[in-house]
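Residues per chain, in single letters:
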Amino acid sequence: MQSLWNDQEAATFGTDLLGQRVYTSRLLGRNPALVLHGGGNTSVKVTEKDYFGDCVELCHVKGSGWDLATIERAGFSPVRMEALIKMSKLATMSDEDMVLQQRAAMTNPNAPAASIEAILHAILPFKFVDHSHANAISALTCAKDGEARAKELFGKRVLVLPYVMPGFVLAKQVFEVLQKIDLRKEGIEGIVLLKHGLFTFADDAKASYEKHIELVTIAEEYLAKKGTKPAQAEASEDLMALAKLRRAVSKARGYAQIARLNASPNAVGYANIANVADFGTRGPLTPDHSIRTKRAPAFIGEDIDASVQKFADDYAAYFNRHAKGQTMLDPAPRFAIWPGNGIVSFGDTLKDAKIVADIAESTAATVQLGESTGGWTPLDEKDIFEIEYWDLEQAKLRKGPARKVHLGKVALVTGCAAGIGFAIAESLAEQGAQVVGLDIDKEIPEIMKKIGATGIVVNLTEDKPVQDAIDFTVREFGGIDIVVSNAGIFPKNDNLDVMAQTDWDRTISINLTSHQKLMNKVIPFVKQGLDASIIFVGSRNFKAPGPGASAYSCSKAALTQLCRVAALELAPHKIRVNIVHPDAVFDTKLWTPEALEKSAARYGMTVDEYKTKNLMKVEIKSKDIGNMVSAMASPLFAKVTGAQIPVDGGNDRVI
Ligand SMILES: [Zn+2]
């Protein structure tokens with residue numbers, strides 16, 4: 001492992017102690033083999049003048065909710081040293097009191113809550129303290145005889161301490177040790193916490209950071225000699241099985257989940273190791289990970305549903321073995337080892353699933369190394385339970401905002417580069433759906449990016465590109481729950497006796513046949529969807545046709561019939577199929593100001609009168625259709641299928 005220290009870069013963070021602390025914290029955060037997603041913590045002790053001009057000794061310790069990779073000065077909580085030292089001398093302290101007293105001791109009450117390791121940082125008698133959950137330290141200390149290995153490897157340079165619960169108990173453990181050992185006198189450079197991580201310290205930012213790198217490198221070199229290289233294999237893709245796995249896990253979780261398949265050679269190689277079901281489910285690298293990943297992943301055998309059920313049963317049994325009055329969390333795995341396929345991670349959002357995927361990737365590599373270095377022997381499940389069901393962690397989970405209605409759902413929307421289709425994609429994304437938008441417009445990837453969605457350029461009348469887009473969606477997100485079949489054109493108006501055959505054929509091909517083709521390919525996946533729903537976008541024109549629009553009217557009438565048949569076919573699968581009939585939506589590309597004026601003139605109306613030419617005298621906007629479709633895909637419409645919903649302000653020819 002290389003030190004990433006760079007003098008020039010360091011200078012850009014300021015020469016003061018806190019500036020240097022920000023810089024080396026980021027250096028730790030930059031290396032995923034040291035910390036991942038909010039893991040680890042750092043501190044610096046400074047003497048500052050307070051508001052009144054009095055000197056005060058502070059420990060700036062990483063604030064909760066900040067990530068070392070991106071931390072800023074504002075990410076550190078300034079806690080009075082005096083208070084932290086006093087706390088370290090108490091015989092016991094509840095987590096709740098510790099958090100409260102740490103906050104009370106902050107010179108800036110608006111700073112983030114100080115790390116739960118603040119007391120430990122304070123009592124280490126050096127200006128800079130760096131703490132990581134380095135993979136190599138986990139592989140070394142979770143291997144069999146880890147304590148002896150660590151002691152032998154680091155000798156007198158490092159203090160090796162047995163695992164205890166992080167927070168006050170850990171601070172107390174170190175406090176007791178410091179009563180007997182003078183770290184400076186003994187020349188001790190770091191503390192290895194077995195099955196947890198590494199602390200290093202020094203009075204200089206660079207020295208503390210580089211000691212960290214040096215000690216981790218020693219462990220890495222040892223493991224490179226003792227352990228085996230990561231196994232590698234090629235995946236055999238089975239997207240339908242992936243959709244089934246996502247469905248089973250989502251059901252266990254109680255909510256739709258995004259699933260991310262890691263089918264890299266390393267992930268598949270790991271999943272294919274003969275006894276991975278045994279050692280791969282023994283426990284995590286460091287207790288911190290269990291908050292995001294649970295104690296262990298699921299192992300997926302031939303029968304996917306049975307494998308997920310087994311995980312849920314085992315989880316309930318684990319809970320019952322250790323619970324003392326807590327409420328059980330959901331029994332769904334956060335990631336799964338899947339022979340032949342790789343490693344699959346789950347989360348409410350793509351971001352959540354990716355965080356778990358990163359931890360799972362580190363876990364696979366490290367567990368493999370630990371297993372080949374004498375046997376993977378992670379923390380006891382009792383210790384993991386204490387972390388997973390820790391009051392402080394439970395409080396964090398409870399704090400979350402209300403759940404968006406489509407969170408964890410995957411939606412496929414066609415024809416969404418502009419107008420109604422775009423508004424639909426936007427409304428679904430606003431309500432938490434992971435949207436994939438298909439359009440023939442070359443700009444669709446950029447357009448979808450604006451709403452956090454994925455855009456794919458597809459000619460919906462062609463078979464292979466449509467199949468590829470569906471496969472892509474399942475491969476990236478795990479399945480498809482919502483399909484909005486919207487693509488359509490409005491050809492030029494000609495009466496039957498003069499219309500061009502090509503206009504008719506093209507209209508039917510896009511407005512009708514492309515929808516039928518999409519259904520043909522997407523329904524097998526929708527059958528594995530969660531609370532699945534298909535919505536067609538029709539037109540008022542179906543019930544109130546106009547002269548010169550035969551192709552358009554017929555295509556929308558047939559599309560409505562397609563919707564009704566789909567509703568009949570899919571009802572036994574609990575899949576809802578409905579159609580929305582918009583009318584007179586003028587905020588689309590189709591309607592230029594000139595076209596609007598021309599049409600209004602034809603009726604002898606002003607543009608404003610023309611726009612609100614309906615019973616309620618209201619203007620219908622794209623967003624009205626978008627919000628209606630989002631509602632139709634939501635549980636509000638849980639028991640509605642085969643319905644035709646007009647969004648037109650009321651039309652006397654239809655009513
Ligand atoms: Zn830690």
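Since the structure is predicted, the reported quantities are computational estimates derived from the model, not experimental observations. (Residues numbered from 1 in each chain as written. Predicted model: local features only at pLDDT ≥ 70, side-chain atom pairs only at ≥ 80, totals over all residues. Heavy atoms only, no water.)

*Asks:* Describe the coordination of the zinc ion, listing the residues and the values that go with them.
*Replies:* His131 (NE2), His133 (NE2) and His196 (NE2) make up the full set of protein donors to the zinc ion, lying at 2.1 Å. Each donor residue of the zinc ion lies on the same chain, and together they follow the pattern H-x1-H-x62-H. His131 sits in the buried class, given a relative accessible area of 0%. (Donors = N, O, S within 2.8 Å, 3.2 Å for Na, K, Ca; no water. Buried < 20%, exposed > 50% of the residue type's maximum accessible area, 1.4 Å probe, protein only.)

*Asks:* Before we move on, can you summarise the pattern of salt bridges with the specific residues and values?
*Replies:* Scanning the model with the defined rule gives 29 salt bridges in all. Where Asp278 meets Arg282, a salt bridge forms, and the shortest distance between an N and an O atom there is 2.9 Å. Here Asp278 falls in the partly exposed class, since its relative accessible area comes to 43%. Where Arg403 meets Asp348, a salt bridge forms, and the shortest distance between an N and an O atom there is 3.1 Å. Of this pair, Arg403 sits in the loop between helix H18 (391-398) and strand E12 (410-414) while Asp348 is found in the loop between strand E11 (342-347) and helix H16 (350-372), placing the two residues 55 residues apart along the sequence. Ionic contacts of the salt-bridge type, sharing partners, join the residues Arg253, Lys294, Asp330 and Arg334 into one network. (Salt bridge = Lys/Arg side-chain N within 4 Å of Asp/Glu carboxyl O. Helix = DSSP H or I, 4+ residues; strand = E, 2+ residues; numbered from the N terminus.)

*Asks:* Tell me about helix H15 (residues 304-322), and please be specific about residues and values.
*Replies:* The end-to-end C-alpha separation of H15 is 28 Å, in line with the 27 Å expected for 19 residues at 1.5 Å each. Turning to H15, its buried residues are Ile304, Ser307, Val308, Phe311, Ala312, Tyr315, Tyr318, Phe319 and His322. Projected onto a plane normal to the axis of H15, the buried residues spread over an arc of 140° and lie on a single side. Summarising the geometry of H15, the exposed residues directed more than 90 degrees from the buried face are Asp305, Lys310, Asn320 and Arg321. Those residues of H15 that are buried are in contact with helix H11 (239-253), strand E9 (298-299), strand E10 (335-338) and helix H17 (381-388). The opening residue of H15 is Asp303, an N-cap whose side-chain oxygen sits 3.3 Å from the backbone nitrogen of Asp305. (Expected span 1.5 Å × (residues − 1). Arc of directions from axis to C-beta. Contact = heavy atoms within 4.5 Å. Polar contact = N/O pair within 3.5 Å; in protein donor to acceptor, adjacent residues only side chain to side chain.)

*Asks:* Talk me through the nonpolar core; I want residue IDs and the actual numbers.
*Replies:* Leu245 and Ile534 are the most contacted members of the largest nonpolar core, which has 64 residues in total. For this core, the leading source of residues is H11, giving seven residues. For Leu245, the contacting residues outside a window of four places in its chain are Ile300, Ile304, Val308, Trp338, Val344 and Phe346. Listed in part, the 38 residues of the second largest apolar core include Ala10, Phe13, Ala139 and Leu223. (Core = buried A, V, L, I, M, F, W, Y, C linked by side-chain atoms within 4.5 Å.)

*Asks:* I'd like to hear about the environment of Ala139, residue by residue, with values.
*Replies:* Positionally, Ala139 belongs in helix H6 (residues 135-141). On the basis of relative accessibility, which here comes to 0%, the residue Ala139 falls in the buried class. Here the alpha-carbon distance between Ala139 and Leu161, two residues 22 residues apart in the chain, equals 16 Å. Sequence-distant contacts of Ala139, that is, excluding residues within four places in its chain, are made with Leu223, Thr366, Leu369, Gly370 and Trp376.

*Asks:* Got a sec to walk through the domain arrangement of the protein chain? Specific residues and values, please.
*Replies:* Entries for the protein chain in the domain assignment read domain 1 (7-226), domain 2 (239-398) and domain 3 (411-585 + 620-647). The C-alpha centroid of domain 2 is placed 28 Å from the C-alpha centroid of domain 1. Of the residues lining the interface, 24 residues belong to domain 1; the matching set on domain 2 comes to 25 residues. Counting the surface lost from both domain 1 and domain 2, the interface buries some 2200 Å², and carbon and sulfur atoms represent 63% of this. The interface formed by domain 1 and domain 2 holds zero salt bridges in total. Inspection of the domain 1/domain 2 interface yields nine residue pairs in polar contact (both at pLDDT 80 or more). The set of elements that each furnish at least two residues to the side of domain 1 that touches domain 2 consists of helix H4 (95-104), H6 and helix H10 (205-226). Of the residues in the side of domain 1 that touches domain 2, the class split is twelve nonpolar, seven polar and five charged. (Domains from an automatic or database assignment. Buried area = accessible area lost by both parts, 1.4 Å probe. Nonpolar A, V, L, I, M, F, W, Y, C, P; charged D, E, K, R; others polar.)

*Asks:* Could you give me a rundown of the packing of aromatic side chains, with the residues and numbers involved?
*Replies:* For the structure on display, the rule yields 16 aromatic pairs. For the pair Phe13 and Tyr23, a centre-to-centre distance of 5.0 Å together with 40° between the ring planes defines the contact as tilted. Taken as a pair, Phe13 in the loop between helix H1 (7-11) and helix H2 (17-30) and Tyr23 in helix H2 lie far apart in primary sequence, ten residues in all. For Tyr23, a relative accessible area of 0% gives the class buried. Note on Tyr318 and Phe385: the rings are 5.6 Å apart at their centroids and 75° apart in plane angle, and the pair reads as edge-to-face. Taken together, the residues span a long stretch of sequence, with Tyr318 in helix H15 and Phe385 in helix H17 at a distance of 67 residues. You'll find Tyr318 and Phe385 in the same group, each marked buried. Here a set of aromatic residues connected by ring pairs shows up, and it is made of Phe311, Tyr315, Tyr318, Phe319, Phe385 and Tyr389. In this arrangement the basic side chain of Arg295 is found over the ring face of Tyr318, its NZ or CZ atom lying 5.7 Å from the centre. (Phe/Tyr/Trp six-rings, centres within 6.5 Å; stacked < 30°, edge-to-face > 60°. Lys NZ or Arg CZ within 6 Å of the ring centre and 35° of its normal.)

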